[in-house]
Amino acid sequence: AAVHADWSSVAEGMTVVARVLETNKGGLAVDVNGIRGFMPMSQIDRARVENAEQFVNQKLLCIVTDVDKEDRNLVVSRRALQEKEREEMRVKLWAELAEGQIRTGVVGNVRDFGAFVDLGGVDGLLHVSEISWKRIPDATQVLQVGQMIKVVVLKIDREKQKLSLGLKQLEASPWENIEMKFAAGRLVPGTVTRTMDFGAFVELEAGVEGLIHISE
């Protein structure tokens, strides 16, 4: 049966529902209001898509990026819609953010110095020194990409659009009531963690290190 394609129903920038018909060499063949269209592989998702077959027979919300009625050419993008929604979320989130807030985010890029956490449109830096009260030399040892965590907003720089986050602040500081736990004159066991020219650092418990000066 012939389907009448109403090209007046599509226009650039319009949000439409595209039903995925099949995969092809460059992406996905889709149907929009009876019009056969194309979604490039790079426009399926913000993340890299390895298997396009998973989208066949699905209905995807996307944005029309190119319409050529004479050549019967229609191109749509799901990624463009995702980025538009992310930008809207980013603007909304920046207006709501405040220091001291506890937020849930997803760990993105992890480096030795820390990790970038996506709070839902805004990425913040979780420095390695703010992950745990215990000294951690490398953030990749404790965090993984895609991991969901709760963090505390430590510092906001709206002018530079930078966000500093903390994880250890969700736990009680080992330095609270430190005078009672490690009173002067008390004999306690410890583990040497680092040696320097001027002395040695000794861990008394997780997050609490003391210095034995070389003269002692």
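Everything below is about the structure printed above this text.
Described in the following lines is the structure provided in the data block. On a predicted model such as this, the values are computed, not experimentally measured, just so you know. (Residues numbered from 1 in each chain as written. Predicted model: local features only at pLDDT ≥ 70, side-chain atom pairs only at ≥ 80, totals over all residues. Heavy atoms only, no water.)

Judged by how many residues are buried, strand 5 (residues 73-77) sits mostly within the fold: four of five residues are covered. Bridge count for strand 4 (residues 59-68) against strand 5 is five bridges, and the pairing is antiparallel. What sits directly across from Asp 66, in strand 5, is Val 75. Where strand 4 folds back on strand 5, the antiparallel hairpin that results is connected by four residues, among which Arg 72 adopts a positive phi of roughly 55°. (Buried < 20%, exposed > 50% of the residue type's maximum accessible area, 1.4 Å probe, protein only. Helix = DSSP H or I, 4+ residues; strand = E, 2+ residues; numbered from the N terminus. Pairing = 2+ DSSP bridges.)

The strand order 11-12-13 describes an open sheet built from three strands, whose pairing is antiparallel. Two strands close off the open sheet at either side, each with one partner strand: strand 11 (191-196) and strand 13 (208-213). Taken pair by pair, the neighbouring strands of this sheet meet at an average axis angle of 25°, ignoring direction. Here strand 11 runs beside strand 12 (residues 199-205); their pairing, made up of five bridges, is antiparallel. Opposite Thr 195, over in strand 12, you have Ala 200 as the bridge partner. (Axes fitted to C-alpha atoms, helices over the stretch in contact; angles between N-to-C directions.)

When you line up the elements, Gln 82 lands in helix 1 (residues 78-96). Residues contacting Gln 82, with those up to four places away along its chain left out, are Asp 45 and Arg 46. (Contact = heavy atoms within 4.5 Å.)

Going through the model one piece at a time under the given rule, you end up with one aromatic pair. Where Phe 198 meets Phe 201, the ring centres are 6.2 Å apart and the plane angle is 85°; that geometry is what we call edge-to-face. The ring of Phe 201 has Arg 194 sitting right over it, with the charged end atom 4.3 Å from the ring centre. (Phe/Tyr/Trp six-rings, centres within 6.5 Å; stacked < 30°, edge-to-face > 60°. Lys NZ or Arg CZ within 6 Å of the ring centre and 35° of its normal.)

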